[in-house]
Structures are given as C-alpha cells and as structure tokens.
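# Breakdown of the fold
Chain residues, written in single-letter form:
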Amino acid sequence: MTENAPSSSRGPFYDVVIVGGGAAGLSAAQMLGRSRRSVVVVDSGDPRNAPAQGVHGFLSRDGISPAVLLAAGRAEVASYGGVILRGEATAATGDVRQGFGVTLDDGSRLRGRRLLIATGLVDELPDIPGLRERWGKDVLHCPFCHGWEVQDQAIGILGNGSWSVHQGLLFRQWSSNITLFLNDRTIPSEPELELLAARGVKVVAGAVETLRVEGDALRGVALAGGPEVALDALVVGARTSARLHAFAGLGLSPLPHPWASVTTLKRMPTAPRRFPASGPRATSRT
C-alpha cells in the first residue's frame, strides 16, 4: 500500500479507481498521478488489441507491440505513484456523494471518490472456421491500422452488415484488388453497387463457409457450395459489445449505436451523474 492510498477496514481508498488497464485507463492514470491524485488501475490483462502485431498511427511509436506499449504505460503510471492491480472487477456500487466501491474477482474491495470505467469493447467475430485464429494477423478490421501492411494485395471484405460496403470503398485506397463477399449479411443498394463498380470493387454473392490457411498465412476463402477465392487478407467489420457486466449495480445499461458496430452508455433514471467512460473505444470506432 502507498501513502497515496489510505486504507480502512473497508479497503484502500483512492481519489480515483480506474477499471481497465488499456491505453485509455493508463493515460488517465498517468495524468491523475501528475496531478498528485491517488489512483489505482484494475487491469484484467486482456486488452482488445492483444492479437495485433503492432500499434500504428502513434507518432514516434509506430509499429510498437501492444504489450510493450502497455508495459511502458504501466511503468509511467507507477513513476507518479499510481497503483496497478491485476484483477477483474465483478461489481461496483456508490455515487459521487458517497464515493464508489469496486469488488474484484479475488473478493477484495477498492474505494474511491471517483470511478473511471475504461474497460473498452469486445469484438464479436463471425462464427466461421479459421477466422478467430487469424484475427489481428491477416484477418483485419481497420484500413488505417492495417492497410499499409496489406497494400496492393488481394483483400476480401466479409459482409457483416451495411458497414461492409463502406469498408470495401475505404480499403480501395490501399489496393486495386478488393472483393466484397456479401456473405448473406450485406445487401448493397443500387447507388452503393454503382459506387463499388466505379471503384473496381468486385462483389461476390453467397455465404463464406471457411478460411483456407497454409502454414501461417491466409490463402483464401471457400464459399458455401461454391468456388474458393484466393486472398491475402480478409477484412471483418466485427460487432462489438461493451464490458459492462460489473457495473449493472450503478444503473448503467448498454445502448446500441446507430452504426450497429459500437456501444455507448445509457444512464438509467436512477443512475448517479458524472460517470466517465473510456477505452478502445467508448463511443465510436474507425
């Protein structure tokens, strides 16, 4: 226990309890530490970007391993007196007048004047054999995160809703060989089909049945009852859900975003005010 975390019979007390040890939670903890606030970060050790080979678009750290980035962040937080606890929040209670209590999976309890929810999102991947194993390698989701690494290659877009058309048009910037697999989930409108045709994006009907992998590389996808299409990378617009199971007692409930790919926080009539939410990502995604 540090001097910044006075304890009592009800558990240690901090200015801020942060649940979520990803980049968002650690960034907040770093600045709170620099502001001479006592802060604890509860880290489950399961970051959303763990499967990715590198973090891109981060000036001066482009390509850094997610694990290396988080290790550096934890060291910075600790240097300002912040406390990092490995564990998972299972319940939370309280309000801004009385403070908050967070129970961890080992039965211990933390208390704080404020609570920052930085648990982020979980990707809900389509149930296609071989897909999950390639996630973050050659099964991708964001052109700005991964487009450079697959430039000029054969890229497939797995239909998973209306968002998939937009993904196909975006990835066309990185390759002229783009195929949109409707996958019985995406139905482009006539104007969208015209846009896809104008950009040279091929459109293939039918459901994707499985991925073909050789060695440690994606080689293509097989359509149900149809041919196999050679690919170097497959783009998936995965649906997401917020990690909010521990916070139901605070009167918070998930609210689907109009894009149907993100989740925001809806404050119930009885919920206390001033609940910060952050994480990869709290309200939107690229």
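These numbers were taken from a predicted model, which means no experiment stands behind them.

Analysis parameters
- Residues numbered from 1 in each chain as written.
- Predicted model: local features only at pLDDT ≥ 70, side-chain atom pairs only at ≥ 80, totals over all residues.
- Heavy atoms only, no water.
- Core = buried A, V, L, I, M, F, W, Y, C linked by side-chain atoms within 4.5 Å.
- Buried < 20%, exposed > 50% of the residue type's maximum accessible area, 1.4 Å probe, protein only.
- Helix = DSSP H or I, 4+ residues; strand = E, 2+ residues; numbered from the N terminus.
- Phe/Tyr/Trp six-rings, centres within 6.5 Å; stacked < 30°, edge-to-face > 60°.
- Expected span 1.5 Å × (residues − 1).
- Arc of directions from axis to C-beta.
- Contact = heavy atoms within 4.5 Å.
- Pairing = 2+ DSSP bridges.
- Axes fitted to C-alpha atoms, helices over the stretch in contact; angles between N-to-C directions.
- Salt bridge = Lys/Arg side-chain N within 4 Å of Asp/Glu carboxyl O.
- 1 Å grid on protein atoms, 1.4 Å probe; cavity = no way out; pocket = protein on both sides within 12 Å on 5 of 7 lines; lining within 4 Å.
- Points joined across faces, edges and corners; volume = space filled by probe spheres on them.
- Nonpolar A, V, L, I, M, F, W, Y, C, P; charged D, E, K, R; others polar.

Before going further, it helps to examine the nonpolar core. Within the largest apolar cluster, 19 residues are counted, with the highest numbers of intra-cluster contacts made by Val17, Val19, Val102, Leu110, Leu115, Phe247 and Leu250. Going through the elements one at a time, strand S1 (13-19), strand S2 (39-43), strand S4 (89-95), strand S5 (99-104) and strand S6 (109-117) are the ones with two or more residues in this core. Membership of the second largest hydrophobic core comes to 17 residues, among which are Ile128, Phe181, Leu231 and Leu234.

Two measures describe an aromatic ring pair: the distance that separates the ring centres and the angle between the ring planes. Scanning the entire structure with this criterion turns up two aromatic pairs. Ring geometry for phenylalanine 171 versus tryptophan 174: centroids 6.4 Å apart, planes at 55°, classification tilted. Both residues of the pair, phenylalanine 171 and tryptophan 174, belong to the buried class. Ring pairing ties together the aromatic residues Phe144, Phe171 and Trp174, which thus form one cluster.

Taking 1.5 Å as the rise per residue, helix H2 (residues 66-79) with 14 residues should run 20 Å; its terminal C-alpha atoms sit 20 Å apart, in good agreement. Taken residue by residue, H2 has Pro66, Leu69, Leu70, Gly73 and Val77 as its buried positions. For H2, the angular spread of the buried residues around the axis is 95°, confining them to a single face. Away from the buried face of H2 by more than 90 degrees, exposed residues Ala67 and Ser79 are located. Summarising the contacts, the buried residues of H2 are in contact with helix H1 (23-34) and strand S3 (83-86). Two residues or fewer after H2 comes glycine 81, characterised by a positive phi angle close to 90°.

Further remarks concern the sheet that holds strand S13 (residues 217-223). Two modes of strand pairing occur in sheets, parallel and antiparallel, and in both the strands are linked by backbone hydrogen bonds. Read across the open sheet, the three strands follow the order S12-S13-S14; overall the sheet is antiparallel. Each edge of the open sheet is held by one strand with a lone partner, namely strand S12 (208-214) and strand S14 (228-230). If you compare each strand with its neighbour and ignore which way they point, the axes differ by 30° on average. Note: S13 against S14, three bridges, orientation antiparallel. When the sheet's bridge partners are listed, valine 221 is paired in S14 with valine 229.

Looking now at the sheet that holds strand S8 (residues 139-140). The strand order S8-S15-S9-S10-S11 describes an open sheet built from five strands, whose pairing is parallel. Each edge of the sheet is formed by a strand with only one pairing partner; in this case those strands are S8 and strand S11 (202-204). Note: strand S10 (residues 178-181) against S11, three bridges, orientation parallel. Residue pairing across strands places leucine 180 opposite valine 203, the latter belonging to S11. Here helix H5 (residues 163-171) sits on the sheet in contact with strand S9 (155-158), S10 and strand S15 (233-236), set at roughly 165° to S9.

Taken as a whole, this structure holds nine salt bridges when the rule is applied. Among the ionic pairs, arginine 113 bridges to aspartate 15, the shortest N-O distance being 2.3 Å. Taken together, the residues span a long stretch of sequence, with arginine 113 in strand S6 and aspartate 15 in strand S1 at a distance of 98 residues. With a relative accessible area of 43%, arginine 113 lands in the partly exposed category. Exposure remark for aspartate 15: the relative accessible area of 12% places this residue in the buried category. The salt bridge involving arginine 212 is made with glutamate 214; its shortest N-O contact spans 2.4 Å. Exposure remark for glutamate 214: the relative accessible area of 43% places this residue in the partly exposed category.

One can find isoleucine 18 in strand S1. Isoleucine 18 sits 96 residues away from arginine 114 along the chain, and the two C-alpha atoms are 8.6 Å apart. When sequence neighbours within four positions are dropped, the list of residues in contact with isoleucine 18 reads Gly25, Ala28, Ala29, Leu32, Val39, Val40, Val41, Val42, Leu116 and Ala118.

Rolled over the atoms, a probe with the dimensions of a water molecule shows which regions are left empty. Of the volumes computed, that of the second largest pocket is approximately 330 Å³. Lining the second largest pocket are 14 residues; nearest its centre among them are Ser27, Phe58, Leu69, Gly73 and Glu76. Of all the secondary structure elements, the ones that give two or more residues to the lining of the second largest pocket are H1 and H2. With six residues, the single largest contributor to the lining of the second largest pocket is H2. When the residues that make up the lining of the second largest pocket are grouped by side-chain class, the tally is eight nonpolar, four polar and two charged.

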